[in-house]
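# Observations on the model geometry
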Protein chains: 2
Amino acid sequence: MTSGLNQGDLRRGELAREADCNLETIRYYETIGLIPHPPRSEGRHRLYGRAHINRLRFILRGRELGFSIDEIRALLAIEDSGGACSDVYALTTQHLVQVKRKIADLRRLERILASTAAACARDASPECPIIEALSARMGTQKPTMPRRRGARSRQ
Amino acid sequence: MTSGLNQGDLRRGELAREADCNLETIRYYETIGLIPHPPRSEGRHRLYGRAHINRLRFILRGRELGFSIDEIRALLAIEDSGGACSDVYALTTQHLVQVKRKIADLRRLERILASTAAACARDASPECPIIEALSARMGTQKPTMPRRRGARSRQ
DNA sequence: GCTACAAGCTGTAGTAACTACAGGATCAAG
DNA sequence: CTTGATCCTGTAGTTACTACAGCTTGTAGC
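How each quantity is defined
Residue positions are given per chain, counting from 1 as you read along its sequence in written order. Starting at A for chains and at 1 for ligands, labels are handed out in the order in which the entities are written. Only residues with pLDDT of at least 70 are given local features in this predicted model, and only at 80 or more are side-chain atom pairs given and counted; all residues enter the totals for whole chains, interfaces and linings. With hydrogens and water excluded, all non-hydrogen atoms of the structure serve as input to the side-chain values. Starting at the N terminus, helices and strands are each numbered in turn, a helix being any DSSP run of H or I of at least four residues and a strand any DSSP run of E of at least two. Residue exposure (1.4 Å probe, protein chains only): buried if accessible area is under 20% of the type maximum, exposed if over 50%, otherwise partly exposed. Accessible areas in this description were obtained via Shrake-Rupley with a 1.4 Å probe; residue shielding takes into account the shown protein chains only. In the analysis that follows, any N or O atom pair within 3.5 Å is treated as a polar contact, provided that within protein one partner can donate a hydrogen and the other can accept it, and provided that, for residues neighboring in sequence, both atoms belong to side chains. Any pair of residues with heavy atoms lying within 4.5 Å of one another is described as a contacting pair. Patch definition: residues above 30% relative accessible area lacking any salt bridge, with like charges linked at up to 9 Å and the nonpolar side chains Val, Leu, Ile, Met, Phe, Trp and Tyr linked at up to 5 Å. Think of a salt bridge as a Lys or Arg side-chain nitrogen and an Asp or Glu carboxyl oxygen that are within 4 Å of each other. The charge count includes Lys and Arg as positive and Asp and Glu as negative, but it does not include His or the ends of the chains. Where a charge sits is defined by one atom per residue type, namely NZ (Lys), CZ (Arg), CG (Asp) or CD (Glu). Note on definitions: angles span 0 to 180 degrees between N-to-C directions of axes, and those axes are lines fitted to C-alpha atoms, for helices only across the stretch in contact. Roughly parallel refers to an angle under 35 degrees, roughly antiparallel to one over 145, roughly perpendicular to one between 65 and 115, and oblique to any angle outside these ranges. Just so you know the grouping, Ala, Val, Leu, Ile, Met, Phe, Trp, Tyr, Cys and Pro go in nonpolar, Asp, Glu, Lys and Arg go in charged, and all remaining residues, Gly too, go in polar.

## Here's the deal with the overall build of chain A
Looking only at helices and strands, chain A features six helices and zero strands. When the helices and strands of chain A are read in sequence order from the N terminus, they spell out α-α-α-α-α-α. The buried share of chain A, reckoned over its 155 residues, is 44%. Only carbon and sulfur atoms are counted for the fraction: they give 50% of the accessible area of chain A, which is about 8,200 Å².

## Here we look at the side chain of Glu30(A)
Residue and element names in this part refer to chain A. Tracing the backbone through its elements, the reader meets Glu-30 in helix 2 (residues 23-31). Exposure remark for Glu-30: the relative accessible area of 5% places this residue in the buried category. For Glu-30, the side chain forms a polar contact with the side chain of His-37, separated by 2.8 Å. Look past the residues within four positions of Glu-30 in its chain and what remains in contact with it is Ile-35, Pro-36, His-37, Pro-38, Arg-40, Arg-46 and Tyr-48.

## As for a positive patch on the surface
Residues Arg107(A), Arg111(A), Arg107(B) and Arg111(B) make up a contiguous surface patch of positive charge. Contributing elements (two or more residues each) for the positive patch: helix 5 (85-122) of chain A together with helix 5 (85-122) of chain B.

## Thoughts on the packing of helix 1 (residues 12-19) of chain B against helix 2 (residues 23-31) of chain B
Residue and element names in this part refer to chain B. Put simply, helix 1 and helix 2 touch, their axes get as near as 8 Å, and they point 105 degrees apart. Taken together, the axes of helix 1 and helix 2 are roughly perpendicular relative to one another. Here Arg-12, Gly-13, Leu-15 and Ala-16 of helix 1 lie close against helix 2, whose contacting residues are Leu-23, Glu-24, Ile-26 and Arg-27. Here the contact of helix 1 with helix 2 is composed, by residue class, of four nonpolar, one polar and three charged.

Have a look at this one:
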């Protein structure tokens, strides 16, 4: 044993692969305090365990599902402090409303796109009224989406 | 008439209110070329018409629905080029695929959130199933979401 | 016509949430 | 004991806004 690496420990790259996450994102989450500082090897390499994989997957999943970092931080704080269920309930139902609205909007957009495509396929008319179709007010909503990410490359 | 302002013209703040958009975002969209440079008053104040409202609403709506600025630019380019119907068809069907995928993703999220909330409501146990629910692998998906925005304050 | 004061102008800086890169150290295989 | 992959740190870049400072313009009331 030359490096203090135990069986089952993962290094950063392995954790990244395991959670399907960008390498640098892990360090980023550590610096902003979402992931605790892991133990290090003799040569200061980070050593992660199974618990880290779950926590990281949770964070990534939450981000994909439209929770902000601060919302995820709140969820993790609940978990870390033993889990006050009512807080989780409040946060999830609140988010659920937003998600339902987004689905409704997307369905409307889906119909518009489908009929536009169908009209284009039928008849090669010069008038494609896409802007009017989409710029109609479709019900107010407060957006709660995470930043667009790239193709999740692991390098 | 002291300022060259015609009836029906809107200034930036009015357009922002009209489209429920942050004041600065309008200027931002102009600088990146999403919105054309509007005519100005004598004193260089921007003067917008009805067409601008629609275009802006379209952009905002698209962003809320998870299209990137570049994707919206492409959609607008079709409209701007007089609507070459074959291009519209290609782009709309392409976007339709994305929209369908987004709906599917959000529906999955909806189910998870709903069942999590239901579990929390039923049973006030100290163990909240949200962490387990969210850290479970739900099948791979490439995220295509825009950045989270603030509360859309108009000032 | 004069005066407030809101609203607009420009340029620039800050924010969220990553993502990439440079230049060096470490680790594991051969 | 060397070599190439992996890791380290700090810092800079990216996207899509959002805010601010300092000044100009527009307009309502007197």
